[in-house]
Amino acid sequence: MKINSISNDFTLKSGYLEVYKDPHNSKDTSVGLCGKNNKEYNVSFNGGLPIQSEAAVNAIKSKKMKALDWLLKFVKDHNVSGSALMALFLAGVLRPLTIMALPGKKDKEDKIYASGHSIASGLIGFGVSTVLTTPWDNGVMSVMQNYQKHYDTVIKNIKDGTNEEPEPLKYKFDILNKRYERLVEIAKEQGTKATALEKRMLKKQIDNMGLMMKNITEWAIAVPRSILTIALIPPILKYVFGVEKKKSEPAPVKKHSEEVLNNVENYRKMTGMPSKDFYSSFRFEPKWFNQAKGGNN
């Protein structure tokens, strides 16, 4: 009786009022989960809250999408500079990596020079293209946006029956006027599959016109860009990358040509002229022998 009372008393005083649960078989999973109000350390999320982890991932994705959106918009608005930017990536990143990965430790300086040359040409091409074409691209976009805003308002007035004043056209081009006027006529007609298809084709043609107007600069700057690239590569390599092209050593000039001497010797034998040793005994050499061996007259 005393043993049982002592055992019961120990259980009560120790505070173990709950029934023992096997941690392996327990259905209580509160330790492994993290609720909205539970801010304790959570192993499942590597020590971080799920909200924080999701926010970090979303922030990274958002930055990537913003960079991609900027790149796509840049290429669309400045197609010549966009092509130069792609060339810069190829010439400034991929080509140098390929050159430096080639085997041959003795050619290290030549590989460094070739890599620097590639990077410099890519940078110059992109810089010149951007500086020379950006003002023209902005002008083309301004004209195209002005046309779009003007005729969007005109078509809206036809569809909605409003009398909103359209934005005045700053510049007028017959090739654009014809296509936009046709879009206005389509808006006045009842919509059919044929008119819908024609409408899409007209909008495609308008976009292609804007692209062709921007491509004019590619033809205009091709020669100046090439001249600037050739002129600026050496100083950029020297003062930016610190490399210079090795000066090739001149080939040694042969003072005595064996072929000429052999021809002279054959001629001497054919004509019966005395040999060099004969003239050496008189301490002089004939004029024709000095000329054959490259000596002074």
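This text gives an overview of the structure that appears in the document.

Thresholds, definitions, all that
- Residues numbered from 1 in each chain as written.
- Predicted model: local features only at pLDDT ≥ 70, side-chain atom pairs only at ≥ 80, totals over all residues.
- Heavy atoms only, no water.
- Helix = DSSP H or I, 4+ residues; strand = E, 2+ residues; numbered from the N terminus.
- Expected span 1.5 Å × (residues − 1).
- Bend = angle between axes of the 7 residues up to and from the residue.
- Core = buried A, V, L, I, M, F, W, Y, C linked by side-chain atoms within 4.5 Å.
- Buried < 20%, exposed > 50% of the residue type's maximum accessible area, 1.4 Å probe, protein only.
- Contact = heavy atoms within 4.5 Å.
- 1 Å grid on protein atoms, 1.4 Å probe; cavity = no way out; pocket = protein on both sides within 12 Å on 5 of 7 lines; lining within 4 Å.
- Points joined across faces, edges and corners; volume = space filled by probe spheres on them.
- Phe/Tyr/Trp six-rings, centres within 6.5 Å; stacked < 30°, edge-to-face > 60°.
- Salt bridge = Lys/Arg side-chain N within 4 Å of Asp/Glu carboxyl O.

1. Some details on helix 6 (residues 193–239)
Next, step 1: Spanning 47 residues, helix 6 covers 64 Å between terminal C-alpha atoms, matching the ideal 69 Å at 1.5 Å per step.
Next, step 2: Along helix 6, the helix axis deviates most sharply at isoleucine 221, where the bend reaches about 50°; the proline proline 224 sits within four residues downstream.

2. Let's talk about the nonpolar core
Next, step 1: Ranked by internal contacts, the top residues of the largest apolar core, which has 16 residues, are Tyr147, Tyr151, Leu176, Tyr180, Leu183 and Ile206.
Next, step 2: Going through the elements one at a time, helix 4 (108–160), helix 5 (174–188) and helix 6 are the ones with two or more residues in this core.
Next, step 3: Beyond its immediate stretch of four places on either side in the chain, leucine 176 contacts Met144, Tyr147, Ile206 and Met209.
Next, step 4: Ranked by size, the runner-up nonpolar core spans six residues in total, among them Ala120, Ile124, Val128 and Ile233.

3. Notes on the layout of surface pockets
Next, step 1: In this model, the largest pocket occupies a volume close to 620 Å³.
Next, step 2: Forming the walls of the largest pocket are 21 residues, and the residues nearest its centre are Lys76, Met144, Gln148, Ile206 and Asp207.
Next, step 3: Looking at the lining of the largest pocket, the elements with two or more residues in it are helix 2 (50–77), helix 4, helix 5 and helix 6.
Next, step 4: Ranked by the residues each element gives to the lining of the largest pocket, the list is headed by helix 4, at nine residues.

4. Notes on the packing of aromatic side chains
Next, step 1: In this structure the tally under the stated criterion is four aromatic pairs.
Next, step 2: Pairing tyrosine 147 with tyrosine 180 gives two aromatic rings, centres 5.7 Å apart and planes at 25°, and the pair type is stacked. Separated by 33 residues along the polypeptide, tyrosine 147 in helix 4 and tyrosine 180 in helix 5 bring together distant segments of the chain.
Next, step 3: For the pair tyrosine 151 and tyrosine 180, a centre-to-centre distance of 4.7 Å together with 15° between the ring planes defines the contact as stacked. Residue tyrosine 151 is found in helix 4, and its partner tyrosine 180 is found in helix 5; the two are separated by 29 residues along the sequence.
Next, step 4: Exposure remark for tyrosine 151: the relative accessible area of 5% places this residue in the buried category.
Next, step 5: The exposure class assigned to tyrosine 180 is buried, which follows from its relative accessible area of 7%.
Next, step 6: One aromatic cluster is present, built from ring pairs that chain together Tyr147, Tyr151 and Tyr180.

5. As for the pattern of salt bridges
For side chains of opposite charge, pairing can occur when their charged atoms come near one another.
Next, step 1: Evaluation of the coordinates by the stated rule reveals six salt bridges.
Next, step 2: Close ionic contact of glutamate 164 with lysine 156 constitutes a salt bridge, the shortest N to O distance being 3.9 Å.
Next, step 3: Of the residues examined, lysine 156 reaches a relative accessible area of 42% and is grouped as partly exposed.
Next, step 4: In this structure, arginine 182 and glutamate 185 form a salt bridge, with 3.0 Å as the shortest nitrogen-oxygen distance. Of this pair, arginine 182 and glutamate 185 both sit in helix 5, three residues apart, which is roughly one turn of the helix.
Next, step 5: The exposure class of glutamate 185 is partly exposed, given its relative accessible area of 42%.
Next, step 6: A cluster of three or more residues bridged by salt bridges with shared partners is formed by Arg182, Glu185, Glu189 and Glu198.

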